[in-house]
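# Structural features, examined
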Amino acid sequence: INYLNSSNIENLICMYDTGFLIKPKLDTSKKNIFFTRDMREAYKIALKVTKPGSICILSPAASSKDVFIDYQEKGALFKALVNGIESDIIEHEKK
């Protein structure tokens, strides 16, 4: 939390159960903070709010174990969204 609050990162997208816990602890006066329970929505938010050359953090400090088996599954979904490969996108419901 301290690192995120003191960083120059403008946009943070908090996701899933851990994001729900992290969001209230972030300094909203210096950050644009969003919350979603859906990776597609997070990706759309990131595209809309992130300026070219800047950073947007998705699900900071969160493993998202309540939705994904591991970081590889979560990363594969994000990669499929970025590459626009609908056939590789697996819908994830809270387990």
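Residues numbered from 1 in each chain as written. Predicted model: local features only at pLDDT ≥ 70, side-chain atom pairs only at ≥ 80, totals over all residues. Heavy atoms only, no water.

### Focus on the pattern of salt bridges
In this structure the tally under the stated criterion is two salt bridges. Note that Lys-51 is salt-bridged to Glu-10, the shortest N-O span being 3.6 Å. In this pair, Lys-51 sits in the loop between α3 (39-49) and β3 (56-58) while Glu-10 sits in the loop between α1 (2-6) and β1 (11-15), placing the two residues 41 residues apart along the sequence. The exposure class of Glu-10 is partly exposed, given its relative accessible area of 35%. (Salt bridge = Lys/Arg side-chain N within 4 Å of Asp/Glu carboxyl O. Helix = DSSP H or I, 4+ residues; strand = E, 2+ residues; numbered from the N terminus. Buried < 20%, exposed > 50% of the residue type's maximum accessible area, 1.4 Å probe, protein only.)

### A closer look at the side chain of Ser-7
Mapped onto the fold, Ser-7 is located in the loop between α1 and β1. Separated by 3.0 Å, the side chain of Ser-7 and the backbone oxygen of Leu-4 make a polar contact. (Polar contact = N/O pair within 3.5 Å; in protein donor to acceptor, adjacent residues only side chain to side chain.)

### Some remarks on the nonpolar core
One recurring pattern in soluble globular proteins is that nonpolar side chains are buried together. Judged by nonpolar contacts, the single largest core of 13 residues is most densely connected at Ile-13, Met-15, Tyr-16, Met-39, Phe-68, Leu-77 and Leu-81. Going through the elements one at a time, β1, α3 and α4 (71-83) are the ones with two or more residues in this core. It is α3 that contributes the most residues to this core, five residues altogether. Grouped together as the second largest cluster of nonpolar side chains are eight residues, Leu-12, Ile-22, Ile-33 and Ile-57 included. (Core = buried A, V, L, I, M, F, W, Y, C linked by side-chain atoms within 4.5 Å.)

### Some thoughts on the packing of aromatic side chains
The full count for this structure, using the stated rule, is three aromatic pairs. Both rings, one in Phe-20 and one in Phe-35, keep their centres 6.1 Å apart while their planes meet at 65°; by these two values the pair is edge-to-face. Here Phe-20, found in helix α2 (residues 16-22), pairs with Phe-35, found in strand β2 (residues 32-36); they are 15 residues apart in sequence, far enough to count as distant. Residue class for Phe-20 comes out exposed when judged on its relative accessible area of 53%. (Phe/Tyr/Trp six-rings, centres within 6.5 Å; stacked < 30°, edge-to-face > 60°.)

Remember, this is a structural readout, not a statement about activity or role.
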